[in-house]
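Coordinate inspection notes
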Amino acid sequence: MEGITKEELYRSVQTIVKTYIDFYDTLREKKAVTIASDDVIQKLRNIGFSKEGRELDQVIHEMIETIYANQAIMQHPRFFAFVPSPASPLSWIGDVLTDSYNPHAGTWLESSSASCIEQETIKWLCQKAGYPKTAGGLFVSGGSIANLTALVVARHAKLSEDMYFNGVAYLSQQTHFSAAKALRIMGLTTEQIRIIPCDDQLRMDTRSLEKAILQDLEAGKKPFVVVATAGTTNTGCIDPLHPIADICDRYDLWFHVDGAYGASVLVSNEYHHLLDGISRADSITWDAHKWLFQTYACSMILFKNSHDLANCFSSNPEYLKDAVAENDEVNYWEWGIELTRPARSLKLWLTLQTLGTDKLSEMVTHGIQYAQRLEEIIKEKPNWEIVTSAQLAIINFRYAPKSLSEHSCDQINEAISHKMTENGFACVLTTQLKGKTVLRICSIHPETTEKDLKETVELLNKYAIEASEEILS
Ligand SMILES: Cc1ncc(COP(=O)(O)O)c(C=O)c1O
C-alpha cells in the first residue's frame, strides 16, 4: 500500500466511523450553520502542499476540526433553508461501500451487477411515476445535470439540427434557474427562452403558455419543450400538469417535469396523488439527495421512452468497442453525458432494501404533514402572516404587523433570518415572493419534531420583536 500502512488504514477508518456516528448522534445539539472565522480560513490557506507529506492522523484530525466543522449541516433536523439534504446513515453506508470498491458504472463490462441494480432501481422509480415498460433513465449528479440531460434529449427528439437556432423552450417565472442555465449551455440565446408568467398561486399560467407558443409559431419559430415543475423550490407548488401535457400534445412539444424536489412525493402512500399527470411527461428530473435521503450527489433522470436517450447520446469510439452491451444490458455512457461515473444507484438501492418502501413513504409523508403543522403554529402567533400555505413541505410566511410599511416588514424579516443564522439554532432563510421578502421553511427532515418547530417559531418571534425595535427606533 503506497503511502499508508495497513495499521494506519484500520485506525483512520475507525476514527472516521466513530466521528461520523458521534456527529449524527448529536446533530440536534449542533448549530445548524457555522461559517468559518477569518482565522480558520487563513489557517487553511497557509497549509499549502509539502514535498514530504504529513501524518495521516494529523490530516484527518485537521479536516474534521477545520473543514467539516464549518458548514451548514444540511441534514440537521432544524436546517429548513434551500432544499435540505436529510441524508440517511444508510446512504452514507452505501457511499462508503461503493467508494471502497469504486466500480466504474459507465459500461456493463466494468460494472455488470451495479448496472443491473441501476436498471432495477430506475425501473422501480419509473413505476412510481406511472411510466410504461418502455421507460428508462439513469443516475446523474444532481437536478441541474438531470435537467440538462433531459433538455438535450428533448431538442434532439423534436428538432432537426438545422432548426436548433430557431427552437424555443418555455419555462415559468418559478422554474428553477438550472433549466435556463442548461438551455444556455446548449447554446440557446435569451430570445429562445420564454419565461411564462405564473397565476396567483405561482403556478405556470397555461393560457399565457399557449398564447406564447402560438405567437412563436406564427413568427416561424420552432417551439420544442415545456418545462413544468412538480414542487417549485420557492413554494413547493405543482404546475398544472394535465393542462400543460394537453398543450404539449396539441403542438407536439416535449413535456419535461422538473421534480428534483417534489417527485419524491410519488413514494408517499398518502400523497402520491398530488402528482397526478406526471406520467404524461416525456422526462422527469428527480433528486435522491433531496427528499429520498441520500448523500450528495445522487439524482435521476427518467424518460418515458428510453430509446430517446440512446438515440441522442450513443456514439461509437473504437477503444470502447469490446464493451458492447447486448440484449437487456446497458452501457450507461451511451445514455448520458458522463463516461466515467460512480455507481450512484447503489446507495439508494441499499437504503430502499433496508428501510422498505413503507418506511420510506412514512418519511416523505412526515415532511408534508410537518409543514401543515407548522402553518397552524404560525397562525396562532399575532402579527405573522402566511404568504403561501404549506405545499409539499414548503411554507412561506412573514412577520407583518398591520401598522408597518411593506419596506419595514422586508427589512425586519431579513434581520430575523440573519439573527437566526448567527444563533445557529435553526437555519431559516428568506426568499422574494410577490415583491415581498418572506421567510421560507422546507420541513423535509424525517426526524424534525413538533418541539423543533415550536421552538423555532418562538425564536423567530423573539427576533422579530428585537429586529422591529432596532429597525424602527
Ligand atoms: C426544482 C429544482 N430543480 C433543480 C434543482 C437543481 O438541483 P441540483 O442542486 O441537484 O443540481 C433544484 C435545487 O434545489 C430544484 O429545487
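Before reading further, recall that the structure is shown in the block above.
Residues numbered from 1 in each chain as written. Predicted model: local features only at pLDDT ≥ 70, side-chain atom pairs only at ≥ 80, totals over all residues. Heavy atoms only, no water.

**Thoughts on the overall build of the protein chain**
- Scanning the protein chain for helices and strands turns up 15 helices and 11 strands.
- The globule rule puts the C-alpha radius of gyration for 473 residues at 23 Å, and the 24 Å found for the protein chain is close to it.
- When the backbone C-alpha atoms are referred to their principal axes, the protein chain occupies close to 65 × 65 × 45 Å.
- Within the protein chain, the fraction of its 473 residues that count as buried is 52%.
- At a minimum sequence separation of 6, the contacts of the protein chain that also span at least 24 residues come to 74%.
- For the protein chain, the accessible surface area stands at approximately 22,500 Å², while carbon and sulfur atoms represent 52% of it.
- When the 45 positive and 62 negative side-chain charges of the protein chain are each reduced to one mean point, those points stand 4 Å apart. (Helix = DSSP H or I, 4+ residues; strand = E, 2+ residues; numbered from the N terminus. Rg over C-alpha atoms; globule rule 2.2 N^0.38 Å. Buried < 20%, exposed > 50% of the residue type's maximum accessible area, 1.4 Å probe, protein only. Contact = heavy atoms within 4.5 Å. Areas by Shrake-Rupley, 256 points an atom, 1.4 Å probe, with all protein chains shown as cover. Lys, Arg positive; Asp, Glu negative; His and termini not counted. Charge placed at Lys NZ, Arg CZ, Asp CG, Glu CD.)

**With respect to the pattern of salt bridges**
- Scanning the entire structure with this criterion turns up 30 salt bridges.
- Residue Lys18 pairs with Asp22 through a salt bridge whose shortest N-O separation is 2.6 Å. Taken together, the residues Lys18 and Asp22, both in helix H1 (residues 6–25) and four residues apart, mark about one turn of the helix.
- When the shortest N-O distance is used, the salt bridge between Arg280 and Asp246 registers 2.7 Å. With Arg280 in the loop between strand E5 (254–258) and strand E6 (283–287) and Asp246 in helix H9 (residues 241–251), this residue pair connects regions lying 34 residues apart in the sequence.
- Its relative accessible area of 24% is what places Arg280 among the partly exposed residues.
- When salt bridges with common partners are traced through the structure, they connect Glu118, Glu338, Arg341 and Arg344 into a single cluster. (Salt bridge = Lys/Arg side-chain N within 4 Å of Asp/Glu carboxyl O.)

**Some thoughts on the packing of aromatic side chains**
- Inspection of the entire model under this criterion finds eight aromatic pairs.
- Geometrically, the ring pair formed by Trp384 and Phe397 is tilted, given 5.9 Å between the ring centres and 45 degrees between the ring planes. Remark: Phe397 occurs in strand E9 (residues 394–399) and Trp384 occurs in strand E8 (residues 384–391); sequence separation between them is 13 residues. No difference in accessibility class separates Trp384 from Phe397, as the two residues are buried.
- Three or more aromatic residues joined by ring pairs form one cluster here, namely Tyr20, Tyr24 and Trp92.
- Lying across the ring of Phe425, Arg78 places its NZ or CZ 3.9 Å from the centre.
- Over the ring of Tyr164 we find Arg155, and its NZ or CZ is 4.0 Å from the ring centre. (Phe/Tyr/Trp six-rings, centres within 6.5 Å; stacked < 30°, edge-to-face > 60°. Lys NZ or Arg CZ within 6 Å of the ring centre and 35° of its normal.)

**Details of the packing of helix H6 (residues 143–158) against helix H11 (residues 306–313)**
- Between H6 and H11, whose axes approach to 9 Å, the crossing angle comes to 85 degrees. Overall, the two elements H6 and H11 adopt an arrangement that is roughly perpendicular. Of the residues in H11, those in contact with Thr149, Val152, Val153, His156 and Ala157 of H6 are Asp308, Leu309, Asn311, Cys312 and Phe313.
- Of the residues belonging to the contact of H6 with H11, the class tally is six nonpolar, three polar and one charged. (Axes fitted to C-alpha atoms, helices over the stretch in contact; angles between N-to-C directions. Parallel < 35°, antiparallel > 145°, perpendicular 65-115°, else oblique. Nonpolar A, V, L, I, M, F, W, Y, C, P; charged D, E, K, R; others polar.)

**Here we look at the pairing of E5**
- Counting buried residues along E5, five of its five residues qualify, which places the element largely inside the surrounding structure.
- Of the two faces of E5, the one holding Trp254, His256 and Asp258 and the one holding Phe255 and Val257 are both buried throughout.
- For the segment spanning strand E4 (residues 222–229), H9 and E5, crossover handedness is right-handed.
- Strand direction decides the pairing type here: E5 and E6, joined by three bridges, are parallel. Residue pairing across strands places His256 opposite Ser283, the latter belonging to E6. (Right-handed = clockwise from strand over helix to strand, strands pointing away. Pairing = 2+ DSSP bridges.)

Fair warning: the whole summary comes from geometry, so function is off the table for now.
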